[in-house]
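# Descriptive structure summary
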Amino acid sequence: MGLISKTPSALNVEIQGTLGSFSISKKDQPSSCIEVNYLLTHVSLDTSQAKLLDMLAPVREVFDIDQLSFEEIMQRDIDDARVSMDLIPYLLDHRSSGLVKLFPPIVVVVLPLQELNRKPAQRYADIVRDEKPEDTDASFTWERITAGPLGKEQFSLKRLRRPDGTYDTAHSSLSVSDMNCALAIVDGQHRAMALLALYRNMTSAWSDAKRAAYEQYYRVWSGDEIRSYELKDLQMPMIICTFPQLDSTYPAEMDVIRAARRVFLDLNKNAKKVSDSRNKLLDDQDMVSECLRIVLASIKKYNINTTSSLRIWNVELDQAQDRSVISSPVAITGVSHLYYITEHILFYQERNADTGARKGRPARARRLGDAYTRLGLLNDLTVTEREENSRQNYTDQVARVVEKRWEERYGRVIEKIFSDFHPFKAHCEGSLSISERLKSVNLTKLWALIFDGQASARTFIDFKDRLDLKVDSDPTWDTGELRAIKKDVHAHINEYEAEIERFKRARAVAFLANVKGPGSKSLLPAQGEVVNKAAEITTEIYQTVFSTIAFQAAVVLTLVEAYEHVYDASAGDIHSITDDEVSAYVDALHKLFRPVSFDSFAHLAGVFKGEIAAIEGDISLTQSASTFGKFIMSGEMQPEEWPKYRYLILELWEPTDERLAKMVKGDLNVCRTAVMKSAFKRSLTDFCNEHVIAEQNVTSEQRETVLNGVKGTYEKFLGNVRRKQTDLRSVADGLKGQLGVLSATDSQQAAG
């Protein structure tokens, strides 16, 4: 009789399959070459797999987003509309006779959990490898890899070795503990979710709080309807991965979460469905992404005790497809915005003083020399470290040094600007007020739709559209219960849209909160109220200016580049921009961007929208030729056009530092000349079209008339920007020769 252990094993889910292994890194990078031991198996709706189905979950259900750092976040958002309306029908369609249905394997990672909570552990518990003879035939040997001591095991891999050293694939298994580890789906979340939704609908397994929020997408599939199908042969291939090297003895910095992220990125790097912003956010082989995540991780910590109103939902983490336009109503910036800014700070070499577009992007394979210089790291790294590391190939040690200095020198500057610059601050305050309102009235589902998950609203609206189409066009979906679900979904969408409108007005109120004195009632008739046209104008400026990459890049990069220009870091003249210097810069911009009276809001509207006037109970708006969009830059502002907004900022910024003031003055003269020259060219084209005349036949007098018109419009534009008269006669006179306007002497000689 053998000894009976008093401590029972924690392993309570056993999965049969075939064991294998593969490496996920390059052979010439041994420090990151982590071996993956995997079990190839399948998952089905068979009742014998109930424990596995209960344990299997997409990332969003495994961990709270608040518990994860940006180093730990993997794919999280799921397009539930597509799963419910496309994938489940594909699985259940009994009319597809003759069709071959097959899904690629779902990829799952065994993630270790900390003992007292559901937060991810960095490493597995200590790994033990042992082997013992097979009970009935001692020439065969059981090999076993186990994480954790008896009673606290996380997983155990077991396979049978034949006498000749090969393995019997029919006798391999993975055992896991549902208390000590999680089975997180890192690839194939949509097809896995289709299977899980069927299982949960049949077993009423949506009660868990992390699942409940998504049940609404799948209520269209009743348990009885699902059971009417023959589902015993519905199986999906699945690979469950472990990284047995990653216990406490592993010498390098790699941990299980990062290894899982690497698997996800390797599988999705070239897949179309992963957005550009998602790849930028998760890329572990790009120094720009490393620094971007430092900023986001810091913002993610902001809470009720933080003076800033900025919250992580104000950053859109997963922008639709590859678009740079923000779609989340409560986001003011996005991954693409911050990535663009970070990349320019670290790597961009050319600084042009005029309003021309910044052309080209820093190469992804370039070395880190420029970054080292800007970060003041030339004396902090060895020659070997400086020469052998590049933007996409660097050691963990170098990454940590760069990240630390980035946070000290530039990360906090970016955070302070997004916290303190009035348009951004008002946006964040507006979203915060809506968040608190929804929480106070316990509208948790609506709160989740707006604030929890960057693509939640987009997905739900898509689900509504697909449900409408199905119910309206497919007679089998035109049932009383499905019509009731459709009505419920529409009601939820209506609530969402009403809340977004409430947010826009709350943001407008916050934006105009400093408006006082005569005419203020024309904008803010009562406490917390704003007139319709003022709210509309504010919303449009946010959409077309404040939330663009070009504008945000200009606000940050104008400050950073100016200090870099006057302090030569390459010569050891290192200067970290202080909080006071950021505040002084932001205050200068507030002369235009923080309205304090009806007139100052009128000036802001004049720069971006047109002329406003008070009318009974509201304001009116009249189009103007002197707006930024018509006089400085017509058409859509691409990110590289941000120097045009930089010029606008130079008109406002009056630094007290003599070297900065000299630089600003010099660049301002260059920009004004460029603006007038460009506006003259456009106006001359309009003149020729209007008078049906070739440009070479336009007389000097006609050119002077055009130039005077441009000068007048320009002075009107600057009247709104600077809120004072600006005489541009010297700029116009200086350009006359270049623009074909003859002087009085030249005119006389030409006439003679």
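Structure: see above.
So, here's what we can say about the structure.

### Some remarks on the packing of aromatic side chains
Across all of its chains, the model carries 30 aromatic pairs by this definition. Summarising the aromatic geometry, the rings of Y124 and F155 are spaced 5.0 Å apart at their centres and angled 75° between planes, so their arrangement reads as edge-to-face. Highlighted residues: Y124 in the loop between strand 4 (106-112) and strand 5 (127-133) and F155 in strand 7 (residues 155-161), separated in sequence by 31 residues. Like Y124, the residue F155 is buried in the burial classification. Ring centres of F421 and F424 lie 5.1 Å apart, and the angle between their planes is 85°; this geometry places the pair in the edge-to-face category. The class for F421 is buried, based on a relative accessible area of 0%. In textbook terms, an aromatic cluster arises when at least three aromatic residues are bridged by ring pairs, as seen for F418, F421, F424, F511, Y542, F546, F551, F593, F608, F628 and Y645. The ring of Y167 carries R159 above its face, with NZ or CZ at 3.8 Å from the centroid.

### Observations concerning the side chain of D618
Take D618: it is sitting in strand 14 (residues 618-622). Of the buried charged residues, D618 lacks a salt bridge, with R505 as the closest side chain of opposite charge at 7.6 Å. Those residues in contact with D618, other than ones at most four positions away along the chain, are S522, V531, N532, K533 and A534.

### Description of the environment of L52
Among the secondary structure elements, L52 is positioned in helix 1 (residues 50-55). With relative accessibility at 4%, the residue L52 sits in the buried group. The spatial distance from the C-alpha of L52 to the C-alpha of Y585 is 57 Å, given a sequence separation of 533 residues. Other than its neighbours up to four places away in sequence, L52 contacts V13, I15, V43, L183 and M238.

### Digging into the pairing of strand 7
Strand direction decides the pairing type here: strand 6 (residues 141-147) and strand 7, joined by seven bridges, are antiparallel. Opposite A147, over in strand 7, you have F155 as the bridge partner. Sheet topology note: the strand 7/strand 8 (residues 167-176) ladder contains six bridges and is antiparallel. By the bridge assignment, K158 is partnered in strand 8 with S173. Adjacent in sequence and paired antiparallel, strand 7 and strand 8 are bridged by five residues, among which G165 carries a positive phi angle near 95°.

### Examining the packing of helix 9 (residues 287-300) against helix 13 (residues 396-420)
Two numbers describe how helix 9 lies on helix 13: the axes approach to 9 Å, and their chain directions differ by 55°. When the interaxial angle is binned, helix 9 and helix 13 end up oblique. Read as a crossing pair, helix 9 and helix 13 show a hand that is right-handed. Two secondary-structure elements touch here, helix 9 through M287, E290, C291, I294, V295, S298 and I299 and helix 13 through V398, A399, R400, V402, E403, W406, E407, G411, I414 and E415. The residue makeup of the contact of helix 9 with helix 13, split by class, is ten nonpolar, two polar and five charged.

### Points about unusual backbone geometry
Despite not being glycine, S204 shows a phi value in the positive range, around 50°. Note on placement: S204 falls in the loop between helix 4 (189-203) and helix 5 (209-212). On the accessibility criterion, S204 (61% relative accessible area) is exposed. Positive phi values are uncommon outside glycine, yet N442 reaches one of about 60°. If you trace the backbone, N442 turns up in the loop between helix 14 (422-440) and helix 15 (444-451).

### Quick notes on helix 3 (residues 80-92)
With 13 residues, helix 3 ought to run about 18 Å at 1.5 Å a step, and its terminal C-alpha atoms sit 17 Å apart, in line with that. For helix 3, a buried count of eleven out of 13 residues is recorded, marking the element as mostly surrounded by other parts of the structure. Among the residues of helix 3, D80, A81, R82, V83, S84, M85, L87, I88, P89, L91 and L92 are the ones counted as buried. Where helix 3 is buried, its residues meet helix 2 (59-62), helix 4, strand 10 (235-242) and helix 16 (456-473).

### A few points about empty space enclosed by the protein
Regions of empty space are outlined by a rolling probe, equal in size to a water molecule, passed over the atoms. Taken as a whole and assessed by the stated rule, the structure comprises one cavity of 30 Å³ or more. Surrounding the largest cavity, 13 residues form its lining, R409, Y410, Y563, E564 and H575 being those nearest its centre. For the lining of the largest cavity, the secondary-structure elements that each account for two or more residues are helix 13 and helix 19 (549-566). Here the lining of the largest cavity gets three residues from one element, more than from any other, and that element is helix 19. Of the residues assigned to the lining of the largest cavity, the class counts are seven nonpolar, two polar and four charged.

### Overview of the side chain of S177
Summarising the element assignment, S177 is placed in the loop between strand 8 and strand 9 (181-187). Only 3.2 Å separates the side chain of S177 from the backbone oxygen of A10, close enough to count as a polar contact. Residues contacting S177, with those up to four places away along its chain left out, are A10, L11, N12, M55, E153 and Q154.

### Concerning the nonpolar core
Membership of the largest hydrophobic core comes to 132 residues, with the highest contact counts inside it found for W406, I417, F593, F608, F628, Y645 and F717. Per-element accounting of this core gives the leading share, 13 residues, to helix 19. Among residues more than four places away in sequence, those in contact with F593 are F421, H422, P423, F511, F546, F551, L604, F608, L648 and L652. If you look at the next biggest cluster of nonpolar residues, it comprises 100 residues, including A57, A259, L482 and I485.

### Description of the pattern of salt bridges
Following the criterion strictly, the structure yields 44 salt bridges and no others. One salt bridge connects R258 with D396, and the closest N-O pair in it is separated by 3.3 Å. Of the two residues, R258 is situated in helix 7 (residues 256-268) and D396 in helix 13; the sequence distance between them amounts to 138 residues. Classification of R258 as buried rests on a relative accessible area of 11%. You can call D396 partly exposed: its relative accessible area is 25%. Between E343 and R391 there is a salt bridge; the shortest N-O distance is 2.9 Å. Of this pair, E343 sits in helix 10 (residues 335-347) while R391 sits in the loop between helix 12 (383-388) and helix 13; the two residues are 48 residues apart in sequence, bridging distant segments of the chain. Judged by relative accessible area, E343 falls into the buried class, the value being 3%. A relative accessible area of 0% places R391 in the buried class. The structure contains a network of salt bridges with shared partners spanning E131, E143, R159 and R161.

About the cut-offs
Residues numbered from 1 in each chain as written. Predicted model: local features only at pLDDT ≥ 70, side-chain atom pairs only at ≥ 80, totals over all residues. Heavy atoms only, no water. Phe/Tyr/Trp six-rings, centres within 6.5 Å; stacked < 30°, edge-to-face > 60°. Helix = DSSP H or I, 4+ residues; strand = E, 2+ residues; numbered from the N terminus. Buried < 20%, exposed > 50% of the residue type's maximum accessible area, 1.4 Å probe, protein only. Lys NZ or Arg CZ within 6 Å of the ring centre and 35° of its normal. Lys, Arg positive; Asp, Glu negative; His and termini not counted. Salt bridge = Lys/Arg side-chain N within 4 Å of Asp/Glu carboxyl O. Contact = heavy atoms within 4.5 Å. Pairing = 2+ DSSP bridges. Axes fitted to C-alpha atoms, helices over the stretch in contact; angles between N-to-C directions. Parallel < 35°, antiparallel > 145°, perpendicular 65-115°, else oblique. Left-handed = near helix turned anticlockwise from the far one by under 90°. Nonpolar A, V, L, I, M, F, W, Y, C, P; charged D, E, K, R; others polar. Expected span 1.5 Å × (residues − 1). 1 Å grid on protein atoms, 1.4 Å probe; cavity = no way out; pocket = protein on both sides within 12 Å on 5 of 7 lines; lining within 4 Å. Points joined across faces, edges and corners; volume = space filled by probe spheres on them. Polar contact = N/O pair within 3.5 Å; in protein donor to acceptor, adjacent residues only side chain to side chain. Core = buried A, V, L, I, M, F, W, Y, C linked by side-chain atoms within 4.5 Å.

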